[in-house]
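Residues per chain are reported as follows:
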Amino acid sequence: MTGTRISGLGHYQPAKVLTNADLAALVDTSDEWITSRVGIRTRHVAGPDEPVDELAAHAGAKAIAAAGLSPADIDLVLVATSTAIDRSPNTAARVAARLGMGAPATLDLNVVCAGFTHALATADHAVRAGSATRALVIGADKMSEVADWTDRTTCVLVGDGAGAVVVEATDGTEATPAIGPVLWGSVPEMGHAVRIEGTPPRFAQEGQTVYRWATTQLPPIARKVCERAGLTPEDLAAVVLHQANLRIIEPVAQKIGAVNAVVARDVTESGNTSAASVPMALSKLVERGEIPSGAPALLFAFGGNLSYAGQVVRVP
């Protein structure tokens, strides 16, 4: 078995920005109400002619370029999404076609908000086992298309976007794995807490249930992710949690105990972008130079199905 590393990152958001003031013209809300409860100020919203695979392809192209590769070098494409409308061709195949790839394996994963960290682990396993040499892993969601724009408790949360990484094989001689072991799981009997259901599909959640579960159950799981990577929380340079709600992100990060880490707060400008949120926030931190090359970052996502998955990665 080989080792793995992340060799490139990229992200993409639609041009249209929806502010809290814009939302106040649609539903009974205000900037103060939104920022005090979820910490979100703006979100990007895709138009009707911007499907999920287009968002994903833009982010994927940037990650491939950052890795110094061409699309033809990729032999596995994994896209985490829960908002693609069409069943076939799947989103990964459409991304491969948009980018002009050769003959990669193409898979979609639907683990909702925790989709990217599940997909990253799947790519890590495939490369380690020799099934792939270079994988493009994308989290992409168009949450605006499944939002109920009459429900002020949920429509204020969502945004659209995509984030991507390239996973490559290494010779396995590194003392510290560049992509650490995953810790993943779910609470199936509480799947009702976060839903995208119906025809047309609509996003709904039980906010207090999610808040209590996330702030009480997730910190010890996140600390175990660090243990699996052979680190303590104090060793982390960054903590990138699913960008669901600033009132969840901040207490969970504090309870993890990563006192020396930069905590991603991209939710304030991007909203909840579901599977896109972790790779997009990570890409922005790296792009701004807020994490040194080679430093350890905890990626930890949670949400729909009350699923969770996390790993520690070394940033390129």
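So, a few notes on the structure that sits alongside this text. Model, not experiment: these values are computed from the prediction.

### Some details on the overall build of the protein
If you tally the helices and strands in the protein, you get nine helices and 14 strands. Against the globule reference of 20 Å for 316 residues, the protein gives a C-alpha radius of gyration of 18 Å, in line with a compact fold. Each of the three principal axes of the protein carries a C-alpha extent, and together these read 55 × 45 × 40 Å. A buried classification covers 58% of the 316 residues belonging to the protein. A sequence separation of at least 24 residues applies to 76% of the contacts in the protein between residues at least 6 apart. Counting every atom, the protein has about 12200 Å² of accessible surface; 50% of that belongs to carbon and sulfur.

### Looking at the side chain of Ser7
Relative to the elements of secondary structure, Ser7 occurs in strand β1 (residues 3-12). Owing to a relative accessible area of 10%, Ser7 belongs among the buried residues under this scheme.

### Comments concerning the pattern of salt bridges
Scanning the entire structure with this criterion turns up twelve salt bridges. Glu168 is paired through a salt bridge with Arg5; the nearest N and O atoms lie 3.8 Å apart. Taken together, the residues span a long stretch of sequence, with Glu168 in strand β7 (residues 160-170) and Arg5 in strand β1 at a distance of 163 residues. Taking relative accessible area as the criterion, Glu168 reaches 9% and is therefore assigned buried.

### Observations regarding the nonpolar core
Side chains that are nonpolar tend, in soluble globular proteins, to be buried together. In this structure, Leu241, Leu298, Phe300 and Phe302 are the most contacted members of the largest nonpolar core, which totals 50 residues. Secondary structure elements with two or more residues in this core: α2 (31-38), α6 (207-228), β11 (238-241), α7 (246-256), β13 (296-303) and β14 (307-314). The element best represented in this core is α6, accounting for eight residues. Apart from the residues within four sequence positions on either side, Phe302 is in contact with Cys113, Ala114, Trp213, Ala214, Leu218, Leu241, His242, Ala244, Ile248, Ser307 and Tyr308.

### Quick word on the sheet that holds strand β6 (residues 134-142)
Reading across from one edge, β1-β7-β6-β4-β5 is the order of the five strands in this open sheet, with mixed pairing throughout. The open sheet has two edge strands with one neighbour each: β1 and β5 (105-109). Pairwise comparison of adjacent strand axes, ignoring direction, gives a mean angle of 20° for this sheet. Looking at chain direction, strand β4 (residues 76-80) and β5 are connected through five bridges and run parallel. Bridging from a neighbouring strand, Leu78 pairs with Leu107 of β5. Along the sheet, helix α3 (residues 52-66) contacts β1, β6 and β7; its crossing angle with β1, the most-contacted strand, is approximately 125°. In the packing of helix α9 (residues 277-287) onto the sheet, contacts are made with β1, β6 and β7, and the angle to β1 comes to roughly 90°.

### Quick notes on the sheet that holds strand β12 (residues 262-263)
Here we have five strands laid out as an open sheet, ordered β8-β14-β13-β11-β12, and mixed in their pairing. Each edge of the open sheet carries a strand with a single partner, namely β8 (183-186) and β12. Here four bridges tie β11 to β13, and the two strands are oriented parallel to one another. In the strand pairing of β13, Val240 is matched with Leu299. Across the sheet, α7 is in contact with β11, β12 and β13; its angle to β11 comes to roughly 135°.

### Section: the packing of α6 against α7
In contact at an axis separation of 9 Å, α6 and α7 are set at 30° when each is read in the N-to-C sense. Of the possible angle classes, the one that applies to α6 and α7 is roughly parallel. Two packed elements cross with a definite hand, and for α6 against α7 that hand is right-handed. Within the contact between the two elements, α6 uses Val210, Tyr211, Ala214, Thr215, Pro219, Ala222 and Arg223 and α7 uses Arg247, Ile248, Pro251, Val252, Lys255 and Ile256. In terms of residue class, the contact of α6 with α7 is made up of nine nonpolar, one polar and three charged.

### What to know about the packing of aromatic side chains
All chains considered together, the criterion is met by one aromatic pair. When the centroid spacing of 6.5 Å and the interplanar angle of 20° are considered together, the rings of Phe300 and Tyr308 count as stacked. Taken individually, Phe300 and Tyr308 each receive the classification buried, so the pair is uniform in this respect.

### What about unusual backbone geometry?
For the bond running from Ser88 to Pro89, omega is 0°, close enough to zero to count as cis. Looking at the secondary structure, you find Pro89 in the loop between β4 and α4 (91-99). Even without glycine at this site, Asn305 takes up a positive phi of about 70°. The residue Asn305 is located in the loop between β13 and β14 in this model. Overall, the relative accessible area of 32% leaves Asn305 in the partly exposed class. In this model, Leu306 sits at a positive phi of 45°, which is unusual for a non-glycine residue. Within the fold, Leu306 resides in the loop between β13 and β14.

Here is what the cut-offs are and how they apply
- Residues numbered from 1 in each chain as written.
- Predicted model: local features only at pLDDT ≥ 70, side-chain atom pairs only at ≥ 80, totals over all residues.
- Heavy atoms only, no water.
- Helix = DSSP H or I, 4+ residues; strand = E, 2+ residues; numbered from the N terminus.
- Rg over C-alpha atoms; globule rule 2.2 N^0.38 Å.
- Buried < 20%, exposed > 50% of the residue type's maximum accessible area, 1.4 Å probe, protein only.
- Contact = heavy atoms within 4.5 Å.
- Areas by Shrake-Rupley, 256 points an atom, 1.4 Å probe, with all protein chains shown as cover.
- Salt bridge = Lys/Arg side-chain N within 4 Å of Asp/Glu carboxyl O.
- Core = buried A, V, L, I, M, F, W, Y, C linked by side-chain atoms within 4.5 Å.
- Pairing = 2+ DSSP bridges.
- Axes fitted to C-alpha atoms, helices over the stretch in contact; angles between N-to-C directions.
- Parallel < 35°, antiparallel > 145°, perpendicular 65-115°, else oblique.
- Left-handed = near helix turned anticlockwise from the far one by under 90°.
- Nonpolar A, V, L, I, M, F, W, Y, C, P; charged D, E, K, R; others polar.
- Phe/Tyr/Trp six-rings, centres within 6.5 Å; stacked < 30°, edge-to-face > 60°.

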